[in-house]
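# Results of the structural survey
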Amino acid sequence: MARIDLDHIRHSYLPNPQKETDFALKEVHHTFQDGGAYALLGPSGCGKTTLLNIISGLLHPSHGKLLFNGHDVTKLSTQERNIAQVFQFPVIYDTMTVYDNLAFPLRNRGVPEGDVDRKVRETLDMIGLADWAKRKARGLTADQKQKISLGRGLVRSDVNAILFDEPLTVIDPHMKWVLRSQLKQLHRRFGYTMVYVTHDQTEALTFADQVVVMYDGGIVQIGTPAELFERPKHTFVGYFIGSPGMNVLPVEVEGKTAKFGSLAIVLPGAPEKTGGSMELGIRPEYVRLGRVGIGVSISKVEDVGRHKVVRAKLEGREIAAIVGEDEEIPAEPKLRFEPAGINVYADSWRVEMRA
Amino acid sequence: MLELRNVSKVVGAATHIDDVSLTLQHGSLNVLLGPTLSGKTSLMRLMAGLDRPTSGSIWFDGKDVTGVPVQKRNVAMVYQQFINYPAMTVYENIASPLRVAGADKTKIDREVRQAADLLKLTPYLERTPLHLSGGQQQRTALARAIVKNASLVLLDEPLANLDYKLREELRAELPRIFAEAGTIFVYATTEPHEALLLGGNTATLSEGKVTQFGRTIEVFRKPNDLITARTFADPPLNTIVLRKSGAKFLLDGGVSLPVPADITGVADASYTVGFQPHHLSLERPNDQAVPVRAKVSITEITGSESFVHLDFADARWVMLSHGILDLTADEEVEVFIDPRHIMVFDASGRAVGAPRLAA
Amino acid sequence: MEKTWNNKAWFLVLPVLVLVAFSAVIPLMTVVNYSVQDTFGNNQFFWAGTEWFEELLGSSRFWQAMGRNLVFSAIILAIEVPLGILIALNMPKKGWGVPVCLVLMALPLLIPWNVVGTIWQVFGRSDIGLFGYYLNKLGFNYNYVQDPLDAWFTVIIMDVWHWTSLVVLLCYAGLVSIPDAFYQAAKIDGASRWAVFRYIQLPKMQRVLLIAVLLRFMDSFMIYTEPFVVTGGGPGNSTTFLSIDLVKMALGQFDLGPAAAMSLVYFLIILLLSWVFYTVMTNYDAER
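Calculation criteria
- One numbering rule holds for all chains: residues counted from 1, following each sequence as written.
- The naming scheme follows written order: chains are lettered A onward, ligands numbered 1 onward.
- Two thresholds apply to this predicted model, a pLDDT of at least 70 for residue-level local features and 80 or more for giving and counting side-chain atom pairs, whereas whole-chain, interface and lining totals are computed over all residues.
- Computation of side-chain values covers all heavy atoms of the structure but excludes hydrogens and water.
- By definition, any uninterrupted DSSP run of H or I lasting at least four residues is a helix, any uninterrupted run of E lasting at least two residues is a strand, and each is numbered from the N terminus.
- The contact definition used throughout considers only heavy atoms, calling two residues in contact when any of these lie within 4.5 Å.
- We get accessible surface area from the Shrake-Rupley algorithm with a probe of 1.4 Å; when it comes to residues, only the shown protein chains can shield them.
- None of His or the chain ends enter the tally, which takes Lys and Arg as positive and Asp and Glu as negative.
- Charge placement uses NZ in Lys and CZ in Arg. For Asp and Glu, CG and CD serve respectively.
- DSSP bridges decide pairing: two strands pair if at least two such bridges lie between them.
- Every angle, taken between N-to-C directions, lies between 0 and 180 degrees, and every axis is a line fitted to C-alpha atoms, over only the stretch in contact when it is a helix.
- Per-residue accessibility, obtained with a 1.4 Å probe over protein chains only, is compared with the maximum for each type, and a residue is labelled buried under 20%, exposed over 50%, and partly exposed between these values.
- Throughout, the accessible surface (probe 1.4 Å) given up by two parts as they are put together, summed over both, is called the buried area.
- What counts as a salt bridge is simple: a side-chain nitrogen of Lys or Arg found within 4 Å of a carboxyl oxygen of Asp or Glu.
- By the convention adopted, Pro, Cys, Tyr, Trp, Phe, Met, Ile, Leu, Val and Ala count as nonpolar, Lys, Arg, Asp and Glu as charged, and the other residues, Gly among them, as polar.
- Start and end points for every domain follow an automatic or database-based domain assignment.
- Under the rule applied, a polar contact is a pair of N or O atoms within 3.5 Å (in protein, one hydrogen donor and one hydrogen acceptor; residues adjacent in sequence only if both atoms are side-chain atoms).
- UniProt positions are given in the numbering used here, feature names are shortened, and annotations may be inferred rather than shown by experiment.
- In this scheme, patches are assembled from residues that exceed 30% relative accessible area and form no salt bridge. Like charges are connected within 9 Å, while nonpolar side chains (Val, Leu, Ile, Met, Phe, Trp, Tyr) are connected within 5 Å.
- pLDDT measures the predictor's confidence residue by residue and takes values from 0 up to 100.
- Any Phe, Tyr or Trp ring, taking Trp's six-membered ring, that has another such ring centre within 6.5 Å forms a pair; planes under 30 degrees apart are called stacked, those over 60 apart edge-to-face, and the others tilted.
- By the criterion adopted, a ring carries a charge over it if an Arg CZ or a Lys NZ lies within 6 Å of its centre and within 35 degrees of its normal.

In this section: the overall build of chain A. Tallying secondary structure elements over chain A gives 9 helices and 24 strands in all. Expressed as lengths along the three principal axes of its C-alpha atoms, the size of chain A is roughly 75 × 50 × 35 Å. Sequence-distant contacts, at least 24 apart, represent 65% of the contacts inside chain A between residues at least 6 apart. Accessible surface, chain A: about 14,400 Å² in total, of which carbon and sulfur atoms supply 48%. Computed over 44 positive and 44 negative side-chain charges, the separation of the two mean positions in chain A equals 2 Å.

Shown next as structure tokens:
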């Protein structure tokens, strides 16, 4: 397994990129630690797949260097980089048995058959397909096929990193839970360096120690799930993570007070920077609906079982609140913001507050 | 009103649809919920008239339409793939069913603009589908289905190929769009969460059978049987097999749960007790809650919630907690089951007694 | 798959049924009729029973022609299938080369059979044909009019030239349907060029290859026009295939009875072989 250094990497699909907008991937300068689990999260076209392809060697960056354990691999081909990858749609060798599928990468590298057998059996146990070894891979279910794809990577002891390109796309919801937890267990036990590309926040957040949120070709924030949830650096992160996303209200800030329409909201501190367009961000989880606070009118309640999502109108803007399964919504609902959940943004970027 | 009476579809040796009876009302949204290959698409094809049932009959507004082909049924369909005419503009795409019907220019223009407005497509009317995002392409397909003014609109996992966030946005708008159109909507999905957000009615499907049909939240809260409960649970339903003895459910290892008052009378036997992941907790929620010792397998944290995967005897459970709960793997923890929220199923999988709900 | 019943559909199928009746069923019945009778012209027929069939199956002339057909089909399949795969594998998958290659490949398929025959008849002549002339210049003693081997060589080359494109186009269609991810995964797995072919490309081409083999086999088994135009079945009987023999018998010698019997046997052989192929292919589909 390897540490991966992305050294001032940029990429453009154009021959002579001039402007910032010519780059499909804007400058990335970051290190993926050895044994870490990382997710690249963002909407389609945000550059996450471009970045993954640069790591796997399917794409050579137009600027910058890529290092595995300090060695420059920028110019190396996919084979020479020793990585494994699981694709969106299962890639299996139809005509081979499950066993032969796993043995394939080893046999291609001339590993002695005795070692092949030992490694393949180990891997079959790891991915829970030991009973299926002799079966033809063709007739298996989508989740089993994805496990085989993964197994072909795990079987090699020298892989530098395992890359995932939206691997759960074709998997049924129930199986997603099983595969996700198995993947995480494998990571815990064997300490692989893993990079996982997805547009699905649940997959990214549950899988990764560090989530890289990307938007429009650039990285907006890198952080733990908790950081991304509590302190989104950019309003995009607030919107993109969380379901529903963060409420963002245009405000005018004076000292410790944010004015939203006719309302004055007390901030937990005074923002260090004001001016430009100021916004207040608060996640629906921190909007409390009860008998105290500001009166609102409720436009819609979505009961999703474990909680309810309440859509209300506040000063003409829609605001979402999450209410517990057993909590009642009062006849004349009032809402208040929990101070711990308040973030302030200047020109979409988060500003610190002084108490 | 669309009525399916004892409809079955057999192809070769495989039964795709097994004795389904359903009644769908005008102006209703009906979700078909089930995993891949449970029969959602087969059922939609029968409803549309693309396939003829092997047995049973299909009625529309009191008329038997069993053999009537799709061209004569005034049906609209939206698929998982974004299907539009690539050479036409969004405007022409939406207008196409009206042109086929021979509507006059002013009517076409009015209805296209209305639908475009409803689906937020007005700024893109002059573009071709190639220059649209996936979400906009699917909105175009939806607009075309709506403008057709069909009496039955079938949507087969229409959001499956969209990004998570786009899916969330469109999903929030769909119920409003459906409510305004006033026709029968049928919506197939594999995701329980999606069914809950859409509301309306839900039919749960498993192996070609409709296991339950009713108001979405009621099917979710009061499943008639174990298969329905399992189909309609995400994260997966937690289950445990217990032996009833008088007023207690017992399991080896000293676990005992009080039998809910209304079913203490049922026979002493083996029962499967199911409960949702958010009804398992680390803190004691109330006095009746029963402690159980389980081993932590893995914890998944989303920032707002934590999913703790637990091993209890042979079962794998998921506990859903608010906030961040970082438990170490292989650690033994005490968790609480809230008996107010348990569902009890007998050996054949039927729910026993009325399901208990708080509030 | 069972579709919704619609009685009007029968009216749409009716013209085809009528057409098939006139073009296939009625002539076939005529042939059956001829095959069990003898005639000396003047529309006088005599019942002959299975006489013609017995004579046919006992004649070495029939079996030799049949043998030539099988050998010919085997040879052209052995050449055209691997060659077609090889060309398809080396065709560009994107860029301006794709349409250029496709048009080049489609060209021979667009030329009528008899024209192909005429082209090669001239092309192969040792006195004025480009091909024949230069072969002789290079020291090969090539003359398809006199040497049976040379005649075979010409007919085979002609068929390969005419029909390999079909195999290429079918294989190419199979190849372009393979998603990129498969090639990427193979790279990552360190697969050799051969392994990529053996475990990704060949399995994905299997179905189209079956179709290609079926089409080429049936077509080559029924070959008539090209050898008729180029060699006329000679020299001697060396390129007299079943179809050519049939025409000689029926129109040359006007032996209607034996010719009819031969047609039927020929027809049954092709029917049997097509059925075998069809079964193999549908079984293969069911397995998937």
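On we go from here.
Residues and elements named next belong to chain A. A sheet is described by the order of its strands in space; here 3 strands give the open sequence 18-19-20, paired in antiparallel fashion. Since the sheet does not close on itself, it has two edges, and those belong to strand 18 (297-303) and strand 20 (317-324), each with one partner. Shown here is a sheet whose adjacent strand axes are inclined to one another by a mean of 25 degrees, direction ignored. By the bridge criterion, 8 bridges tie strand 19 (residues 307-314) to strand 20 in an arrangement that is antiparallel.

It is a general feature of regular strands that their side chains alternate between the two faces of the sheet. Counting buried residues along strand 20 of chain A, 6 of its 8 residues qualify, which places the element largely inside the surrounding structure. Between strand 19 of chain A and the antiparallel strand that follows it, strand 20 of chain A, lie 2 residues; A:Glu315 among them carries a positive phi value of about 50 degrees.

Here we come to the interface of chain B and chain A. Contact with chain B, which involves 48 residues of that partner, is made by 40 residues of chain A. Approximately 3,600 Å² of surface area, both sides summed, lies buried where chain B meets chain A, with 52% of it carried by carbon and sulfur atoms. For the pair chain B and chain A, the number of links is 4 salt bridges. Of all elements in the fold, only helix 5 (164-181), helix 6 (192-198), helix 7 (216-221), helix 8 (226-231), strand 16 (290-301), strand 17 (305-312) and strand 18 (315-322) of chain B reach the threshold of two or more residues within the side of chain B that touches chain A. If one sorts the elements of the side of chain B that touches chain A by residue count, helix 5 of chain B sits on top with 6 residues. Residues belonging to the side of chain B that touches chain A are distributed by class as follows: 21 nonpolar, 14 polar and 13 charged.

What follows deals with the interface of chain A and chain C. Taken together, the 21 residues of chain A in the interface contact 18 residues of chain C. Between chain A and chain C, the buried area comes to about 1,700 Å², and carbon and sulfur atoms account for 59% of it. It is A:Phe87, A:Tyr93 and A:Arg138 that lose the most area in chain A upon contact with chain C, and together they represent 29% of the buried surface on that side. Here chain A is connected to chain C by 2 salt bridges.

A few words now on the domain arrangement of chain A. Residue and element names in this part refer to chain A. One can read the domain layout of chain A as domain 1 (4-230) and domain 2 (253-354). Taken together, the contacts link 4 residues of domain 1 with 5 residues of domain 2. Summed over both partners, the interface of domain 1 with domain 2 buries about 430 Å², with 43% contributed by carbon and sulfur atoms. The largest share of the area that domain 1 buries against domain 2 comes from Val-220, Phe-229 and Glu-230, three residues that together contribute 92% of it. Taken together, the links from domain 1 to domain 2 amount to 0 salt bridges. Remark: the boundary between domain 1 and domain 2 carries 4 residue pairs in polar contact (both at pLDDT 80 or more). Top contributing element to the side of domain 1 that touches domain 2 by residue count: helix 8 (residues 225-230), with 3 residues. When the residues that make up the side of domain 1 that touches domain 2 are grouped by side-chain class, the tally is 3 nonpolar, no polar and 1 charged.

All names here are of chain C. Look at the UniProt record and you will see "transmembrane region" (unreviewed entry) annotated at residues 12-36, 70-89, 96-116, 160-183, 208-225 and 259-280. Spanning residues 70-89, this segment combines 100% helix with 0% strand, and its end C-alpha atoms are found 28 Å apart. Annotated as 86% helix and 0% strand, the span residues 96-116 places its first and last C-alpha atoms 29 Å apart.

A contiguous patch of negative charge, built from C:Glu51, C:Glu54, C:Glu55 and C:Asp255, is present on the exposed surface. Mapped onto the fold, C:Glu51 is located in helix 2 (residues 51-58).

Strand order in this open sheet of 5 strands is 15-19-16-17-18 (chain B), and the pairing throughout is antiparallel. Looking at which strands have only one partner, the edges of the open sheet turn out to be strand 15 (280-281) and strand 18 of chain B. Summarising the sheet, strand 15 of chain B and strand 19 (residues 332-337) of chain B pair through 2 bridges and their orientation is antiparallel. Residue pairing in the sheet places B:Leu280 in a bridge with B:Ile337 of strand 19 of chain B. Those strands touched by helix 6 (residues 173-190) of chain A are strand 16, strand 17 and strand 18 of chain B, and its axis lies near 75 degrees from that of strand 16 of chain B.

With that settled, the discussion passes to the confidence of the model for chain C. Across chain C, the average pLDDT comes to 82, with 94% of residues at or above 70. Overall fold confidence (pTM) sits at 0.84, and the ipTM for the predicted complex is 0.87.

A few words now on the environment of B:Val65. All names here are of chain B. Here Val-65 shows up in the loop between strand 5 (63-64) and strand 6 (75-78). Between the C-alpha atoms of Val-65 and Ala-313, which are 248 residues apart in sequence, the distance is 53 Å. If we ignore the near neighbours within four places in the chain, the residues touching Val-65 are Ile-58, Trp-59, Phe-60 and Arg-73.

Moving on, we come to the packing of aromatic side chains. Pairs of aromatic rings are described using the distance from one ring centre to the other and the angle between the two planes. Enumeration over the complete set of coordinates arrives at 31 aromatic pairs over all chains. Ring centres of C:Phe131 and C:Phe153 lie 6.4 Å apart, and the angle between their planes is 15 degrees; this geometry places the pair in the stacked category. Remark: C:Phe153 occurs in helix 7 (residues 148-176) and C:Phe131 occurs in helix 6 (residues 130-137); sequence separation between them is 22 residues. Using a relative accessible area of 37% as the deciding quantity, one classes C:Phe153 as partly exposed. Here the aromatic cluster, defined as three or more aromatic residues joined through ring pairs, consists of C:Trp120, C:Phe123, C:Phe131, C:Phe153 and C:Trp161. Of note, B:Arg5 hangs over the ring of B:Trp59, and the distance from its end group to the ring centre comes to 4.1 Å. Positioned above the aromatic ring of A:Tyr239, the side-chain terminus of B:Lys165 is 5.0 Å from the ring centre.

We now examine the side chain of B:Lys165. For B:Lys165, the location among the structural elements is in helix 5. At 2.6 Å, the side chain of B:Lys165 forms a polar contact with the backbone oxygen of A:Tyr239. Within the structure, the side chain of B:Lys165 is placed 3.0 Å from the side chain of B:Glu168, a separation counted as a polar contact. Excluding residues that lie within four positions of it along the chain, B:Lys165 makes contacts with A:Gln201, A:Tyr239, A:Phe240, A:Ile241, A:Gly242, A:Pro244 and A:Gly245.

Here the focus is unusual backbone geometry. With the exception of glycine, the majority of residues adopt a negative phi angle, and the majority of peptide bonds are in the trans configuration. Cis peptide bonds are those with omega within 30 degrees of zero, and the linkage from A:Ser243 to A:Pro244 qualifies with -5 degrees. Residue B:Pro235 follows B:Asp234 across a cis peptide bond; omega there is 5 degrees. Its place among the elements puts B:Pro235 in the loop between helix 8 and strand 11 (238-245). Although it is not a glycine, B:Glu157 sits at a positive phi angle of roughly 45 degrees. B:Glu157 gets classed as buried once you look at its relative accessible area, which sits at 18%.

Before going further, it helps to spend a moment on the pattern of salt bridges. Scanning the model with the defined rule gives 41 salt bridges over all chains in all. In this structure, A:Lys26 and A:Asp216 form a salt bridge, with 3.9 Å as the shortest nitrogen-oxygen distance. With A:Lys26 in strand 2 (residues 25-32) and A:Asp216 in the loop between strand 9 (210-215) and strand 10 (218-223), this residue pair connects regions lying 190 residues apart in the sequence. The salt bridge partner of B:Glu218 is B:Arg215, with a shortest N-O separation of 3.2 Å.

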